[in-house]
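Architecture at a glance
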Amino acid sequence: MRVRSAIGEVRGLGSARSGAHHWWLERLTSISTLLLFIWFMVSILRMPSLGHGPVVEWLSSPLVAIPMLLLIVSTFWHLKLGLQVVIEDYVHEEGTKLFSITLLNFFTIAGAASAVFAVLKIAFGGDAS
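Residues numbered from 1 in each chain as written. Predicted model: local features only at pLDDT ≥ 70, side-chain atom pairs only at ≥ 80, totals over all residues. Heavy atoms only, no water.

What follows is about the overall build of the protein. Along the protein, the regular secondary structure elements total 5 helices and 0 strands. What you see in the protein, going N to C, is helices and strands ordered as α-α-α-α-α. For the protein, the proportion of contacts with a sequence separation of at least 24, taken over those separated by at least 6, is 70%. (Helix = DSSP H or I, 4+ residues; strand = E, 2+ residues; numbered from the N terminus. Contact = heavy atoms within 4.5 Å.)

This is the structure we're talking about:
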């Protein structure tokens, strides 16, 4: 005798049993990226000059460097989540899928690390040039 209904047995269990979590992460990273990108655009538009010196001085402030780092992490995380879904949906051979997701993880981490390094170098007194 079944105590639970059929829907009760599968609720919350996507094909990989983590679909809802992945979906929520995509939504949260899209919202955070959007808000941080709006902050970035408003900040850039308010700057008197977009020359090298003023931008380095602007990015040296902790009140700018921290949101910039959050924007970088959020953007690359969202990129990784979205492209992972594309790979999972459209690459059908398991070996190729695993290789593609591994390559995706490598390049998103490398890209984010490079951007974070550049911001930290400027924020802690170095010049990015």
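Let us keep going from here.
Before going further, it helps to examine the side chain of S43. Following the sequence through the fold, S43 ends up in helix 2 (residues 19–46). One polar contact links the side chain of S43 to the main-chain carbonyl oxygen of W39, over a distance of 2.9 Å. (Polar contact = N/O pair within 3.5 Å; in protein donor to acceptor, adjacent residues only side chain to side chain.)

Aromatic ring pairs are defined here through the distance separating the ring centres and the angle between the ring planes. Inspection of every chain in the model, using the stated rule, returns 6 aromatic pairs. Taken together, a centroid distance of 6.1 Å and an interplanar angle of 20° make the contact between W39 and W58 stacked. Placement of the pair is W39 in helix 2 and W58 in helix 3 (residues 52–59), with a sequence separation of 19 residues. Here W58 falls in the buried class, since its relative accessible area comes to 16%. Here F40 and W58 contribute two aromatic rings whose centre-to-centre distance is 6.3 Å and whose plane-to-plane angle is 50°, an arrangement assigned as tilted. Of this pair, F40 sits in helix 2 while W58 sits in helix 3, and the two are 18 residues apart along the sequence. (Phe/Tyr/Trp six-rings, centres within 6.5 Å; stacked < 30°, edge-to-face > 60°. Buried < 20%, exposed > 50% of the residue type's maximum accessible area, 1.4 Å probe, protein only.)

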